[in-house]
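# An overview of the molecular structure
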Number of protein chains: 2
Amino acid sequence: MAVPRNGKHQIFLGSFIHSSRLDELQYMHDTAVFVDESGTIVAVEQDCNESKADQVARERLGWTDNNMEIRQAKDGEFFFPGFVDTHLHAPQYPNIGIFGKSTLLDWLNTYTFPMESSLSDLTKARRVYTRVVRRTLSHGTTTAAYFATIHVPATNLLADLCLSLGQRAFVGRVCMDHRDLCPDYYRDESLEEVKRATQASIDHMRSIDPDFSLVSPILTPRFAPGCTAEAMSYLGDVAKETGLPIQTHLSENVNEIQLVRDLFPASRDYTDVYDTAGLLTPKTILAHAIHLSEAEADLISARGSKVSHCPCSNSSITSGEARVRWLLEKGIGVGLGTDMSGGYSPSILEAARLALLVSRHLAMPHHVHDAFPEAGTERAKLSVEEVLYLATRGGAEVVGLQGKVGGFEVGMEFDAQLIGLGTVGEIAEGEEAEGEDKGNVDVFGWETWEEKVAKWVFNGDDRNTKKVWVKGRLVHSRPT
Amino acid sequence: MAVPRNGKHQIFLGSFIHSSRLDELQYMHDTAVFVDESGTIVAVEQDCNESKADQVARERLGWTDNNMEIRQAKDGEFFFPGFVDTHLHAPQYPNIGIFGKSTLLDWLNTYTFPMESSLSDLTKARRVYTRVVRRTLSHGTTTAAYFATIHVPATNLLADLCLSLGQRAFVGRVCMDHRDLCPDYYRDESLEEVKRATQASIDHMRSIDPDFSLVSPILTPRFAPGCTAEAMSYLGDVAKETGLPIQTHLSENVNEIQLVRDLFPASRDYTDVYDTAGLLTPKTILAHAIHLSEAEADLISARGSKVSHCPCSNSSITSGEARVRWLLEKGIGVGLGTDMSGGYSPSILEAARLALLVSRHLAMPHHVHDAFPEAGTERAKLSVEEVLYLATRGGAEVVGLQGKVGGFEVGMEFDAQLIGLGTVGEIAEGEEAEGEDKGNVDVFGWETWEEKVAKWVFNGDDRNTKKVWVKGRLVHSRPT
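This one's a predicted model, so the numbers in the text were calculated from it and none came from an experiment.

Regarding its fold elements, chain A presents 14 helices and 20 strands. For chain A, the C-alpha atoms occupy an extent of roughly 65 × 55 × 45 Å along the three principal directions. For chain A, the residues scored as buried account for 67% of the 480 residues in total. Summarising the internal contacts of chain A: among those between residues at least 6 apart in sequence, 72% fall at separations of at least 24.

The next point concerns the sheet that holds strand β14 (residues 306–309) of chain A. Residue and element names in this part refer to chain A. Pairing is parallel across the open sheet formed by 4 strands, whose spatial order is β12-β13-β14-β15. Each edge of the open sheet is held by one strand with a lone partner, namely β12 (246–250) and β15 (334–336). Ignoring strand direction, the axes of neighbouring strands in this sheet form an average angle of 30°. Inspection of the sheet shows β14 paired to β15 by 3 bridges, in the parallel sense. By the bridge assignment, Val-307 is partnered in β15 with Val-334. With respect to the sheet, helix α13 (residues 384–398) is in contact with β13 (284–288), β14 and β15, its orientation differing from that of β15 by roughly 115°.

Another aspect to go through is the packing of aromatic side chains. This structure, assessed with the given rule, holds 42 aromatic pairs over all chains. Taken together, the aromatic side chains of A:Phe12, A:Phe16, A:Phe79, A:Phe408, A:Phe414 and A:Trp469 make up a single cluster linked through ring pairs. The positively charged end of B:Lys124 is found above the aromatic ring belonging to A:Trp446, 4.4 Å away from the centroid.

Taken as rigid bodies, chain B and chain A are interconverted by a rotation of 180° and an axial shift of 0.0 Å, the fit giving an RMSD of 0.0 Å. Within this description, the copies of the chain are treated as partners about a two-fold rotation axis. A high fraction, 100%, of the interface residues of chain B reappear at the interface in chain A, so the copies pair face to face through one surface.

Here we take up the interface of chain B and chain A. Counting from both sides, the interface comprises 84 residues of chain B and, opposite them, 84 residues of chain A. The tally of links between chain B and chain A comes to 10 salt bridges. A salt bridge links B:Arg463 to A:Asp462, with the shortest nitrogen-to-oxygen separation between them at 2.8 Å. Linking chain B to chain A there are 40 residue pairs in polar contact (both at pLDDT 80 or more). Elements that contribute at least two residues to the side of chain B that touches chain A include exactly α3 (122–138), α4 (152–165), α10 (311–316), α12 (348–363) and α14 (449–459) of chain B. Its residues placed into classes, the side of chain B that touches chain A shows 29 nonpolar, 27 polar and 28 charged.

With 201 residues, the main nonpolar core has A:Tyr129, A:Tyr146, A:Tyr274, A:Trp456, B:Tyr274 and B:Trp456 as its most contacted residues. Excluding its chain neighbours within four sequence positions, the residues that come into contact with A:Tyr129 are A:Ala90, A:Pro91, A:Leu119, A:Ala148, A:Thr149, A:Ala154, A:Leu158 and A:Leu161.

So, about the state of the cysteines. On inspection of all chains with the given rule, the structure shows 0 disulfides over all chains. Between A:Cys310, a free cysteine, and A:Cys312, which holds the nearest cysteine sulfur, the sulfur-to-sulfur gap is 9.3 Å. Residue classification places A:Cys310 among the buried positions, given a relative accessible area of 0%. In this model B:Cys182 remains outside any disulfide bridge; the closest cysteine sulfur is found in B:Cys227, 6.8 Å from its own. The class of B:Cys182 is buried, set by a relative accessible area of 6%.

All names here are of chain A. The first and last C-alpha atoms of helix α12 (residues 348–363) sit 22 Å apart over 16 residues, in line with the 22 Å expected at 1.5 Å per residue. Judged by how many residues are buried, α12 sits mostly within the fold: 16 of 16 residues are covered. Capping of α12 at its N-terminal end is provided by Ser-347; its side-chain oxygen lies 3.1 Å from the backbone amide nitrogen of Leu-349.

This paragraph deals with the side chain of A:Asp177. Residue and element names in this part refer to chain A. Along the polypeptide, Asp-177 turns up in the loop between β9 (174–175) and α5 (191–208). Here Asp-177 occupies a buried position and makes no salt bridge, while the nearest side chain of opposite charge, Arg-173, is found at 8.2 Å. The contacts of Asp-177, once residues within four sequence positions are left out, are Cys-182, Asp-188, Val-194, Gly-226, Cys-227, Thr-228 and Ala-231.

This part takes up unusual backbone geometry. For the bond from A:Met340 to A:Ser341, the omega torsion is 0°, close enough to zero to count as cis. One can find A:Ser341 in the loop between β15 and α12. The phi angle at B:Asp30 is positive, at roughly 45°, despite the residue not being glycine. Take B:Asp30: it is sitting in strand β2 (residues 24–35).

Residue and element names in this part refer to chain B. The terminal C-alpha atoms of helix α5 (residues 191–208), which comprises 18 residues, lie 26 Å apart, in line with the 26 Å expected from a rise of 1.5 Å per residue. Along α5, the residues that are buried comprise Val-194, Ala-197, Thr-198, Ser-201, Ile-202, His-204, Met-205 and Ile-208. All buried residues of α5 lie within an arc of 160° about the axis, which places them on one face of the element. Looking at α5, the residues exposed on the side facing more than 90 degrees away from the buried face are Glu-192 and Ser-207. Residues of α5 that are buried sit in contact with α4, β8 (168–172), β9 (174–175), β10 (215–217) and α6 (229–242).

Glancing now at the pattern of salt bridges. Charged atoms that come close allow side chains of opposite charge to pair. Counted by the stated rule, this structure contains 65 salt bridges over all chains. For the salt bridge of A:Glu378 with A:Lys381, the shortest nitrogen-to-oxygen distance reads 3.0 Å. Here A:Glu378 falls in the partly exposed class, since its relative accessible area comes to 49%. Among the ionic pairs, A:Arg463 bridges to A:Asp461, the shortest N-O distance being 2.8 Å. Taking relative accessible area as the criterion, A:Asp461 reaches 13% and is therefore assigned buried. Salt bridges linked by common partners bring A:Asp437, A:Asp461, A:Asp462, A:Arg463, A:Arg478, B:Asp437, B:Asp461, B:Asp462, B:Arg463 and B:Arg478 together as one network.

Contact geometry for α12(A) and α12(B): axes closest at 12 Å, N-to-C directions at 40°. Compared by their axis directions, α12(A) and α12(B) come out oblique. α12(B) is crossed by α12(A), and the crossing has right-handed handedness. Here α12(A) contributes A:Leu354, A:Leu357, A:Val358 and A:His361 to the contact with α12(B), which in turn contributes B:Leu354, B:Leu357, B:Val358 and B:His361. Classifying every residue of the contact of α12(A) with α12(B) gives 6 nonpolar, 2 polar and no charged.

Residues and elements named next belong to chain B. Pairing in this open sheet of 4 strands is parallel, and the strands run β6-β7-β8-β10 from one edge to the other. Strand pairing shows two members of the sheet lacking a second neighbour, β6 (83–89) and β10, which therefore form its edges. Sheet twist, expressed as the average angle between the axes of neighbouring strands with direction ignored, equals 15°. Examined bridge by bridge, strand β7 (residues 141–147) and β8 share 5 bridges and lie parallel to one another. Of the residues in β8, the one forming a bridge with Phe-147 is Gly-172.

The rules behind the values
- The numbering scheme is per chain: residues are counted from 1 as the chain's sequence reads.
- As a convention, the first chain written is A and the first ligand written is 1, with the rest following in written order.
- pLDDT decides what is reported in this predicted model: residues at 70 or higher carry local features, side-chain atom pairs at 80 or more are listed and counted, and totals for whole chains, interfaces and linings draw on all residues regardless.
- Note that the side-chain values use all heavy atoms of the structure and ignore hydrogens as well as water.
- Strands are runs of DSSP state E lasting at least two residues, helices are runs of H or I lasting at least four, and both sets are numbered from the N terminus onward.
- Working definition: with a 1.4 Å probe on protein chains only, accessible area under 20% of the residue-type maximum means buried, over 50% means exposed, and in between means partly exposed.
- Should any heavy atoms of two residues lie within 4.5 Å, those residues are considered in contact.
- The pairing criterion is simple: DSSP has to find at least two bridges between the two strands.
- Axis geometry follows a simple rule: fit a line to the C-alpha atoms, using only the stretch in contact for helices, then measure angles between N-to-C directions, giving values from 0 to 180 degrees.
- Aromatic rings from Phe, Tyr and Trp, with only the six-membered ring used for Trp, were paired whenever their centres fell within 6.5 Å, and each pair was classed as stacked if the ring planes differed by under 30 degrees, edge-to-face if by over 60, and tilted otherwise.
- We call a charge positioned above a ring when the Lys NZ or Arg CZ atom is no farther than 6 Å from the ring centre and deviates by at most 35 degrees from the ring normal.
- The atoms used to superpose the copies are C-alpha atoms, taken from residues with pLDDT of at least 70 in both, and the fit is least squares.
- Every case where a carboxyl oxygen of Asp or Glu lies within 4 Å of a side-chain nitrogen of Lys or Arg is listed as a salt bridge.
- In protein, a polar contact means a hydrogen-donor-capable atom and an acceptor-capable atom, both N or O and within 3.5 Å, with residues adjacent in sequence counting only if both atoms are side-chain atoms; elsewhere, any N or O pair within 3.5 Å suffices.
- When residues are grouped by polarity, Ala, Val, Leu, Ile, Met, Phe, Trp, Tyr, Cys and Pro land in nonpolar, Asp, Glu, Lys and Arg in charged, and all others, Gly among them, in polar.
- Among buried residues, the Ala, Val, Leu, Ile, Met, Phe, Trp, Tyr and Cys ones that are joined through side-chain atoms within 4.5 Å form a nonpolar core.
- Two cysteine sulfurs form a disulfide in these notes if their separation is within 2.5 Å.
- The span one expects for a helix is its residue count, reduced by one, times 1.5 Å.
- The positive count covers Lys and Arg only, the negative count covers Asp and Glu only, and His and the chain ends enter neither.
- Here the arc refers to the set of directions running from the helix axis out to each C-beta atom.
- Every angle not falling under 35 degrees, over 145, or within 65 to 115 is termed oblique; those three ranges are roughly parallel, roughly antiparallel and roughly perpendicular.
- Helix crossings get a hand from a simple test, with the near helix turned counterclockwise from the far one by less than a right angle marking a left-handed crossing and a clockwise turn marking a right-handed one.

Just distances and angles here, no functional claims.
Below, the structure written as structure tokens:
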């Protein structure tokens, strides 16, 4: 297997929108982005039309008719960076929407462990994983940090599928070896098994993508109350030796936190358990991080670890409201995660929408709480611009791809989506043209670009994501 | 203009799902629902196939080939009652998703009043209102309680459009006559103008639908801090004389509540202001009702007035979290409202989803609050079954149509939607058939019916609403 690539240089022409900083989007109209055949952006020209772009390509870049293609957006369409899903469980995909009134610990035993266990069946794994990769691509997710299962062959299959379908991915074989806390039917049998399985999945991914240019292994201790201290320390050692990234869960649910307190009485707190094992690195993704103390957040910040905020999951299974503004002000990098199937939606756009809503719940006046100084205040609110930053540049930082994906800048790789919005014609009753389903965003024509983007954030779905590229390769295209 | 109707008797065959009580759905498979040419359900037969249904129609109902049609659902599809949107503002439709970080009072002045004012232009009104009626129909909303604007001709046009497009509707000309609180460019100029305009819109709707069988006027004082006491009392008197329903806003935002306190110092509270004006009747829809005291809720319950819960709006513009369980336990009827454009979504399915999420925010452990005894407890949580009840039977009760719409029972009118979910084939990588866009619900085949319904609630959208009927008339059909 080899990393597929687009065979030609490409010029993308039209409107480009990306985050210039946390609270600001940059709108670049009449712009050309030049992407070489490796998928890297080699030039960006504003105030550009097709003939000028053609000239730049030939004269400055030395491209020719034979080795380049021009892709022009239609009027009203715009290019946006691909989304980064910093936390999701591929094997749980068939369970999205199925959680009842459960919370974390009963949800794991009722819905999650049985489903994950069943993915040892490779036929089932292929069916589920193909769907989840295609589905997330169709929602504009160009990079995903996946938890797989404990099974090496199925985990490796997920990596194979990401590579062949063209999604940039971190694929983690899940480590969970605690005899008292993991079910008999679904756990690593021993520390030796943890080591063997971890190594086998790393070896496989190195064999299919030696530079981890598209698909990378990620060390994945499930969470403290599922792992032995020995297994966590082993993974911390592997991270130190290999420089591989790490992903786990932290401080999601109050009962989980109490359980960790009981299990690790020598540790100061949940975060300290991971720190003791050497698991808090600058390449560590901590999912949830809802109920942290000041000391825990300060430790995460000092270690340079990152947080995956999963608002859909946190509301659905009643985990809590993560304090994103507070985390950001601590200097912690934050991205968004769908956390399927704790979260029900495959869409990072939905995660962005819900991040904005959850921040408003934190800001509500009756939400005053001694431990949350910013609760009940305007300051907790996240803007449209901020949640789109978290969905792109923030996510890129969380998965260690800052400067490589998340924007349209020279030197970055071209991970992008082409967004099209519906328009409401100047029509009278009964005369409306049907035809292509343009989704739920209705543009009347008088909206500013800022308003069009807000409309997309709130009513957009996969119908608005017309095409998706990863590293310059077209990996999804809606049937027209 | 006459009320359009389906010309024939109809037999609907397949699976029917509806609420049998607040926390329970009834699943009726292999069922036939017989709808006469007036749109009324005249028989329901379970354990029925096409030939048995045909026999019942001929022998018991006396129908013949000439005057009846059979409509059979495909395998996996099901009929569900049409949704009732108990609160939305048709003229604000172009603004959905555009609210920034505003809260109620600045949101009204920044976004809402300018847009509403501009709908005096009938060309614009026709364009906007056509779209909002079609759009809500496409999401399965068979009944809508609309706020229009202060303008009589545009309000009447909305009523005309509902009638011709076939949506059951309550259409309210908005009364807002307070000189200090409403903008100069957008208010009723005098009490005389309130009376004239109110009467003119009632007269118009009586002329197009004399029995209000599909479209009814609804008395619509915008909210206490936009109306004079005289105008509210006048509308209370009209309600008493005519028996017409009433809709208004109540206790949405803490600053609004303080404003009402300042404006009506003689009143005990916000709710009492309406009671004094005679506006709390069994046919009154109170939108939001978030920050009520025990005394206010008890008064609403005693008067038999109803509440429209608008979770999308309440989260978006940071109004608060309405305590639905508490309202229900007070014996108050509760339905769901999209409240566009305080809410961003035209979909009552999305409102149901968000009602479930907001109830979980109320249940979160750090949400303990002296005034909310059920906050921070499991009891606050609403189930999938409960939010679907609110979306159908609850809504029907709120708009005074209980026993007439909201379920599949003999004597009810047939307001229904046909739901289809996507299925994931037994496919390997690369072999997936594309073609029709079946939306985001993925059924793998092993799910129970309860799980299929949960999947629809969480990932369903207008793509899953294949057809919509109001009073037996097909009013929406997705292009296939």
